[in-house]
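Results of the structural survey
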Amino acid sequence: MPVAPLSHKEVEDRLAELPGWSAEGDRLTRSFRLGSHFAAVAMVVHIAQVQEELNHHSDLTLGYNTVSLAVHTHSAGGAVTEKDFELARRVQDLAAGHGAS
């Protein structure tokens, strides 16, 4: 089932509920800093599990002690949709458990 792109205003309104997340072009983005490389790797694995569960995947980048995400919906022409916000909310919820800031 196709998903509808969100308007710029809808994206901005929903971002107010996700501290640290921003809209960069046609993507939602967020970077997290963690206490160690191992903690960052563990968070990447946890995010990958959530992405598989949602069948919605971000561009996920692992640094030494950082994890960065950029997400949009290919099936909506690369626009931001509710699916992106669902993934962002899930990642935001799991981040604290990994000590991410």
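Along each chain, numbering runs from 1 in the same order as the chain's sequence is written. A pLDDT threshold of at least 70 governs which residues receive local features in this predicted model, and a stricter bar of 80 or more applies before side-chain atom pairs are shown or counted, although totals over entire chains, interfaces and linings include all residues. Hydrogens and water molecules were not included; the side-chain quantities draw on all heavy atoms of the structure.

**Looking at the overall build of the protein chain**
Scanning the protein chain from terminus to terminus reveals three helices and four strands. Each helix and strand of the protein chain, placed in order from N terminus to C terminus, yields the pattern α-β-β-α-β-β-α. Note that the radius of gyration is over C-alpha atoms, with the globule rule given as 2.2 Å times the number of residues to the power 0.38. Expected size for 101 residues packed as a compact globule is a radius of gyration near 13 Å; at 13 Å, the protein chain falls within 12% of this value. Principal-axis analysis of the C-alpha atoms places the extent of the protein chain at approximately 40 × 25 × 20 Å. The buried label applies to any residue whose accessible area, calculated with a 1.4 Å probe on protein chains only, is under 20% of its type's maximum; exposed applies above 50%, and partly exposed to all values in between. Counting over 101 residues, the protein chain shows a buried share of 41%. If you take every contact in the protein chain between residues at least 6 apart in sequence, the share linking residues at least 24 apart comes to 65%. Total accessible area computed for the protein chain in this model is approximately 5600 Å², and 54% of it derives from carbon and sulfur atoms. Positive: Lys, Arg. Negative: Asp, Glu. His and the chain ends are not part of the count. Charge coordinates come from a single atom per side chain, which is NZ of Lys, CZ of Arg, CG of Asp or CD of Glu. A gap of 3 Å separates the mean positions of the 8 positive and 13 negative side-chain charges of the protein chain. Helix and strand labels come from DSSP, where a helix needs a run of H or I of at least four residues and a strand needs a run of E of at least two; each type is numbered from the N terminus. Contacts are residue-level and defined by heavy atoms, with any inter-residue pair within 4.5 Å sufficient. Every accessible area reported is derived by Shrake-Rupley at a probe size of 1.4 Å, with residue values counting cover from the shown protein chains alone.

**Examining unusual backbone geometry**
Unlike most non-glycine residues, N55 shows phi in positive territory, near 55°. Following the sequence through the fold, N55 ends up in the loop between α2 (37-54) and β3 (59-62).

**Focus on the pairing of strand β2 (residues 27-33)**
Two strands qualify as a pair provided that DSSP identifies no fewer than 2 bridges between them. For strand β1 (residues 22-24) and β2, the ladder comprises three bridges, and the chain directions are antiparallel. Directly across from E24, in β2, lies its bridge partner R27. Counted between consecutive antiparallel strands, the loop separating β1 from β2 contains two residues, among which G25 sits at a positive phi close to 65°. Both β2 and strand β4 (residues 66-71) contribute to a ladder of six bridges, which runs antiparallel. Counterpart to L28 in the pairing with β4 is V71.

**Structural notes on the sheet that holds β2**
Taken in spatial order, the four strands make up an open sheet running β1-β2-β4-β3, and their pairing is antiparallel. Only two strands of the sheet have a single neighbouring strand rather than two, namely β1 and β3. Between one strand and the next, the sheet's axes are offset by a mean angle of 25°, whatever the strand orientation. Sheet strands touched by helix α1 (residues 8-15): β1 and β2. Its angle to β1, the strand with the most contacts, is close to 145°. Axes here mean lines fitted to C-alpha atoms, for a helix over just the part in contact, with angles spanning 0 to 180 degrees between N-to-C directions. Packing against the sheet, α2 makes contact with β2, β3 and β4, and its axis sits at approximately 165° to β3.

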